[in-house]
Amino acid sequence: MGNVLVFGASGQLGQCLRHVAAERGNDDLVFLPEAEANILDTDAVKAVFAHYQPTYCINCAAYTAVDKAEDEVEIARKVNRDGAANLAQACTEYGATLIHISTDFVFAGTGNQPLSETDEAAPISVYGLTKLEGEQAVAEHTSQYFTLRTGWLYSEYANNFVKTMLRLGRERDELRVIWDQVGTPTYAIDLAGCILTIIETQNQQYGLYHYSNEGVTSWYDFATAIFELSNTHVRTVPIRTAEYPTKATRPAFSVMDKTKAKTNLGVYIPHWRESLKVCLARL
Ligand SMILES: NC(=O)C1=CN([C@@H]2O[C@H](COP(=O)(O)OP(=O)(O)OC[C@H]3O[C@@H](n4cnc5c(N)ncnc54)[C@H](OP(=O)(O)O)[C@@H]3O)[C@@H](O)[C@H]2O)C=CC1
Ligand SMILES: Cc1cn([C@H]2C[C@H](O)[C@@H](COP(=O)(O)OP(=O)(O)O[C@H]3O[C@@H](C)C(=O)[C@@H](O)[C@H]3O)O2)c(=O)[nH]c1=O
């Protein structure tokens, strides 16, 4: 299959890819930590491409601090837009396929119908805007790309909502969680499996795809399921977004339609509750 370069290997998705690749006995993946491969350093990126001559490049590197991005616009834009552009350019130069990751936060979230790839993106946060700019930069610099928009990622690795809830659930008697933001959680291990399937099947149906787990939930209902399935006893109170002020505004509705991914990529997508059970059993 040839070398598969993974940028942002130390992050949540990078670690999930490592886990799934090992499980599948796939040893083509080359995991590049930021110290060795800063996606903003064009010379370092070129050197890595020249050395490994990859057939695929997976971009797991991103600026993901949603609230902090409101104050750090420049660095968020550099990583999420310019870093993505650098990798896309290198992919074109070396004939590699880019697998890039984006987010449900590119949507305004004002609707109530599952969002498809052709629906208009209209970000309402700096993070969402810079990720959309990253998608556009990828499409501008290469035609051989898969951009996978995902949402509400969690896993046994790095920081995420599931791990935060488990920690807070142990520390507090009561938790207040937003119930008027609706979306679908994504087990990052499932997303990693989808990425490897694209590579292993040498899929060439390039373009933009939505990928989350199946189903719909709110953060409150997700938290309730986390506590129920982990046998954590904590009073969980549903609150409105206005009662939980944050620097960045999040979309109220970011449920994504995965028809295209299921049709073109040949992936089976589990329901979020089934994947949550798997993750909790591993934690
Ligand atoms: N987490 C989520 O809920 C969601 C994430 N996504 C997208 O999924 C992808 C993976 O996210 P996730 O794994 O959770 O994010 P993480 O924040 O866990 O990982 C991102 C990684 O990128 C690294 N990184 C940052 N800047 C650079 C750089 N200049 N060069 C190389 N590496 C860099 C970070 O290193 P360091 O920590 O040292 O800065 C970190 O290891 C991202 O594109 C994200 O936007 C989409 C929807 C939901
Ligand atoms: C900790 C906590 C959070 N919340 C809310 C705030 C927020 O609306 C929601 C999730 O909070 P978090 O800070 O964990 O997640 P957040 O940073 O909003 O998550 C997003 O990350 C980026 C990277 C993405 O791309 C998105 O898809 C999405 O996963 O839960 C509560 O209501 N109560 C709480 O106690």
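Remember, predicted model here, so these are calculated numbers, not experimental data. (Residues numbered from 1 in each chain as written. Chains lettered and ligands numbered in written order. Predicted model: local features only at pLDDT ≥ 70, side-chain atom pairs only at ≥ 80, totals over all residues.)

**Student:** Any details on the environment of Glu156? Residues and values, ideally.
**Tutor:** Following the sequence through the fold, Glu156 ends up in the loop between β6 (153–154) and α5 (161–171). In the structure, Glu156 is positioned 30 residues away from Thr186 in sequence and 12 Å away in space, judged by C-alpha atoms. (Helix = DSSP H or I, 4+ residues; strand = E, 2+ residues; numbered from the N terminus.)

**Student:** Which residues make up the pairing of strand β4 (residues 97–103), and what values go with them?
**Tutor:** Taken across its 7 residues, β4 has 7 buried, putting it largely inside the fold. The alternating pattern of β4 places Thr97, Ile99, Ile101 and Thr103 on one face and Leu98, His100 and Ser102 on the opposite face, and all of these are buried. Sheet topology places strand β3 (residues 56–59) next to β4; 4 bridges connect them, and they run parallel. The residue of β4 that forms the bridge with Ile58 is Ile99. With helix α3 (residues 73–94) bridging β3 and the parallel β4, this β-α-β connection has right-handed handedness. Bridge count for β4 against strand β5 (residues 145–150) is 6 bridges, and the pairing is parallel. Across the sheet, Ile99 pairs through a bridge with Phe146, a residue of β5. Between the parallel pair β4 and β5, the chain is carried across by helix α4 (residues 126–141), and the sense of this crossover is right-handed. (Buried ≥ 20, exposed ≤ 12 C-beta atoms within 10 Å, placed from the backbone. Pairing = 2+ DSSP bridges. Right-handed = clockwise from strand over helix to strand, strands pointing away.)

**Student:** Could you give an account of the packing of α3 against α4, naming the residues involved and the relevant values?
**Tutor:** Between α3 and α4, whose axes approach to 8 Å, the crossing angle comes to 15°. As far as their axial angle goes, α4 and α3 are roughly parallel. Along this stretch, α3 crosses α4, giving a crossing that reads as right-handed. Where α3 approaches α4, its residues Val73, Ala76, Arg77, Asn80, Arg81, Ala84, Ala85, Ala88, Gln89 and Thr92 are matched on the opposing element by Val126, Tyr127, Thr130, Lys131, Glu133, Gly134, Ala137, Val138 and His141. Considering only residue class, the contact of α3 with α4 consists of 9 nonpolar, 6 polar and 4 charged. (Axes fitted to C-alpha atoms, helices over the stretch in contact; angles between N-to-C directions. Parallel < 35°, antiparallel > 145°, perpendicular 65-115°, else oblique. Left-handed = near helix turned anticlockwise from the far one by under 90°. Contact = placed C-beta atoms within 7 Å. Nonpolar A, V, L, I, M, F, W, Y, C, P; charged D, E, K, R; others polar.)

**Student:** Quick one: what's the story with α4, residue by residue and with numbers?
**Tutor:** Taking 1.5 Å per residue as the helical rise, α4 with its 16 residues ought to reach 22 Å, and the 22 Å between its terminal C-alpha atoms agrees with that figure. Along α4, the residues that are buried comprise Val126, Tyr127, Gly128, Leu129, Thr130, Lys131, Leu132, Gly134, Glu135, Ala137 and Val138. (Expected span 1.5 Å × (residues − 1).)

**Student:** Any details on the site of ligand 2? Residues and values, ideally.
**Tutor:** Taken together, 18 residues lie around ligand 2, and Val66, Thr103, Gly151, Phe161 and Ile178 are the ones closest in. Per element, the largest residue contribution to the shell around ligand 2 is 4 residues, and it comes from strand β7 (residues 174–178). Its residues assigned to classes, the shell around ligand 2 comprises 10 nonpolar, 5 polar and 3 charged. (Near = placed C-beta within 6 Å.)

Read these as spatial facts, not as claims about activity.
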